[in-house]
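Fold and geometry: a report
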Amino acid sequence: MGKKMFHLAPLSLYDAGIEINRYGNIYMSWLTTFVRPKINALMHKREIPDNLWDQCTHCEQMIFHRDLVAHQHVCHHCGHHMRIPLTLRFETLFDDGRFLRVPVPPVPVDPLHFKDSKKYTDRLKAARAATGEDDALVVVEGHMGGHPVVIAAFDFAFIGGSMGAAVGEGLVRGAQRACELKAAYIVLPASGGARMQEGIFSLMQMPRSVIAIEQVKEAGLPYITLLTNPTMGGVAASFAMLGDIAIAEPGALIGFTGARVLQETIRQALPAGFQEAEFQFSHGMVDMVTPRSELRQKLIDILGMLLPGNREQ
Ligand SMILES: [Zn+2]
């Protein structure tokens, strides 16, 4: 204390954690060599993201996360189409990646007070926390190649993309919005089918969504389905198979009953690739199988032909 730096330089250096002995050798004190690095390590802990690498769910090759995003979640080793987050999906489809959410009116929650191993309300809470969405359907509007478009897309991460009353409400609202905007309506299913926990209310969404689609068709607007993995059960048995044009992503499972249950029921081996998009294409169930990288352009071409303002009379 009170020492002047100009005539006690070694001491003031000591204060800074450096010692100089009488032979002129410099020593770093324990403060510098031991404590400071510890504090620095605590203060500036290097964040190493645990999602730097992803693994292809098909060929199991490692993929750098940035590459996965750049390839729209398609494996660049084997071409397998993995699940793509909805926001990224919308950004890759819409002009300049810009879109607006279409609000969906709320519906009664848990009308049957359903409980299996967990309460349905707890499942909803967990799914909402995990996905940040209110339910399994997200409705957005924007432009593709300058054409007005409304897209209703399923989030498989939300209770398997299952269709309950809220999903039905979203499909109806999307159809209404398409009519208001004179826009094309594109629906992207990624769903195991009906939501068991809503029983009959879930099944009612099948005719309900079909009527909503009919309104779009009556207005002379194009209704396009983009069938992604999986499109199964009550979803496949209603609006998903009614597209003016049905496009499927490569390898997507499309069908009503899953292969395992079918095989156990009919006690016969099913053909290879049964219910995959390519199989359904070769059997006339879908119009085309389009890789994700070509989807936006393909949709723009179709919209150019089908939207009323562009059609040749
Ligand atoms: Zn792969």
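What you see as residue numbers is a count from 1 along each chain, following the sequence as written. In view of the model being predicted, local features appear only for residues whose pLDDT reaches at least 70, and side-chain atom pairs are presented and counted only at 80 or more, with totals across whole chains, interfaces and linings using the full set of residues.

As for the sheet that holds strand β5 (residues 99-101)
- Only strands joined by at least two bridges in the DSSP assignment are considered to pair. Under the DSSP-based scheme used, a helix requires at least four consecutive residues in state H or I and a strand at least two consecutive residues in state E, with every element numbered from the N terminus. Read from one edge of the open sheet, 7 strands run β5-β6-β7-β8-β9-β10-β11, paired in mixed fashion. Of all the strands in the sheet, just β5 and β11 (288-289) have a single pairing partner and so form its edges.
- In this structure, strand β8 (residues 184-188) lies alongside strand β9 (residues 223-227), joined through 3 bridges in parallel fashion. Residue Ile186 lies in a different strand from β9, and its bridge partner there is Ile224.
- Throughout, a pair of residues is in contact if the C-beta atoms placed from their backbones lie within 7 Å. Angles run from 0 to 180 degrees between N-to-C directions of axes, and those axes are lines fitted to C-alpha atoms, restricted for helices to the stretch in contact. Against the sheet, helix α6 (residues 165-181) makes contact with β6 (137-144), β7 (147-154) and β8, and its axis sits at roughly 20° relative to β6, the strand it touches most.

Overview of the confidence of the model for the protein chain
- What pLDDT conveys is the predictor's confidence in a given residue, as a value from 0 to 100. Averaged over all residues, the pLDDT of the protein chain equals 90, while 85% of them reach at least 70.
- Throughout residues 1-11 the model reports pLDDT below 50, and contacts reaching past four residues in sequence, or to other chains, amount to 6 contacts.

Looking at helix α8 (residues 205-218)
- A helix's residues, less one, multiplied by 1.5 Å, set its expected span. The end-to-end C-alpha separation of α8 is 20 Å, in line with the 20 Å expected for 14 residues at 1.5 Å each.
- Next to the buried residues of α8 lie α6, β8, α7 (199-203) and β9.
- Just beyond α8, the residue with positive phi is Gly220, at close to 75°.

A look at helix α4 (residues 86-93)
- Using C-beta atoms placed from the backbone, we call a residue buried if 20 or more other C-beta atoms fall within 10 Å of its own, exposed if 12 or fewer do, and partly exposed for counts in between. Along α4, the residues classified as buried are Leu86, Arg89, Phe90 and Leu93. Taken end-on, α4 shows its buried residues confined to a sector of 95°, consistent with a single buried face.
- Close packing links the buried residues of α4 with β5, β6, β7 and α12 (292-306). When we speak of the arc, we mean the arc of directions from the helix axis to the C-beta atoms.

Section: the nonpolar core
- Note on definitions: a nonpolar core is a set of buried residues drawn from Ala, Val, Leu, Ile, Met, Phe, Trp, Tyr and Cys, linked by C-beta atoms within 7 Å. Ranked by internal contacts, the top residues of the largest apolar core, which has 62 residues, are Leu137, Ile151, Ala184, Tyr185, Ile186 and Leu227.
- Sorting elements by how many residues they give to this core places α6 first, with 7 residues.
- Discounting residues that sit within four places of it in the chain, Ile186 has contacts with Val149, Ile151, Ile224 and Leu226.

Observations concerning the pairing of strand β10 (residues 245-248)
- Alignment of β9 against β10, held across 4 bridges, turns out to be parallel. In the strand pairing of β10, Ile224 is matched with Ile245.
- Where β10 lies against β11, 2 bridges are found, and the strand directions are parallel. Following the sheet pairing, Ala248 is matched in β11 by Val289.

Some thoughts on the packing of α6 against α8
- Close contact between α6 and α8 brings their axes to 9 Å; oriented N to C, the two are set at 5°. When the axis of α6 is compared with that of α8, the two are roughly parallel. Together, Ala165, Val167, Gly168, Leu171, Val172, Ala175, Ala178 and Cys179 of α6 and Gln205, Arg208, Ser209, Ala212, Ile213, Gln215 and Val216 of α8 make up the contact between the two elements.
- By the convention adopted, Pro, Cys, Tyr, Trp, Phe, Met, Ile, Leu, Val and Ala count as nonpolar, Lys, Arg, Asp and Glu as charged, and the other residues, Gly among them, as polar. Tallied by class, residues from the contact of α6 with α8 come to 10 nonpolar, 4 polar and 1 charged. For classification, angles of less than 35 degrees are called roughly parallel, those exceeding 145 degrees roughly antiparallel, those between 65 and 115 degrees roughly perpendicular, and all remaining angles oblique.

Re the environment of Ala219
- Within the secondary structure, Ala219 sits in the loop between α8 and β9.
- C-beta crowding within 10 Å serves as the criterion here: with 15 such atoms nearby, Ala219 is assigned to the partly exposed category.

Considerations on unusual backbone geometry
- Pro230 follows Asn229 through a cis peptide bond whose omega is -10°.
- Relative to the assigned elements, Pro230 resides in the loop between β9 and α9 (233-236).
- Positive phi is not limited to glycine here, since His73 has a value of about 60°.
- Locating His73 in the fold gives a position in the loop between α3 (65-70) and α4.
- Given 19 C-beta atoms within a 10 Å radius, His73 is considered partly exposed.
- At Asp110, a position not held by glycine, the phi torsion is positive, near 50°.
- Assignment of secondary structure puts Asp110 in the loop between β5 and α5 (120-131).
- A count of 17 C-beta atoms within 10 Å places Asp110 in the partly exposed class.

Some points on the environment of Trp53
- Tracing the sequence through the fold places Trp53 in strand β3 (residues 53-55).
- Note: C-alpha distance between Trp53 and Phe64 (11 residues apart in sequence) is 4.7 Å.
- Once you skip the residues sitting within four places of it in the chain, Trp53 turns out to touch Met62, Ile63, Phe64 and His65.

Here's the deal with the pairing of β9
- Most of β9 is tucked away: 5 of the 5 residues are buried.
- Along β9, one buried face is formed by Tyr223, Thr225 and Leu227 and the opposite face, lined by Ile224 and Leu226, is buried too.

Some details on the environment of Pro207
- Here Pro207 shows up in helix α8.
- Linking Pro207 and Gly168, residues 39 residues apart in sequence, is a C-alpha distance of 9.6 Å.

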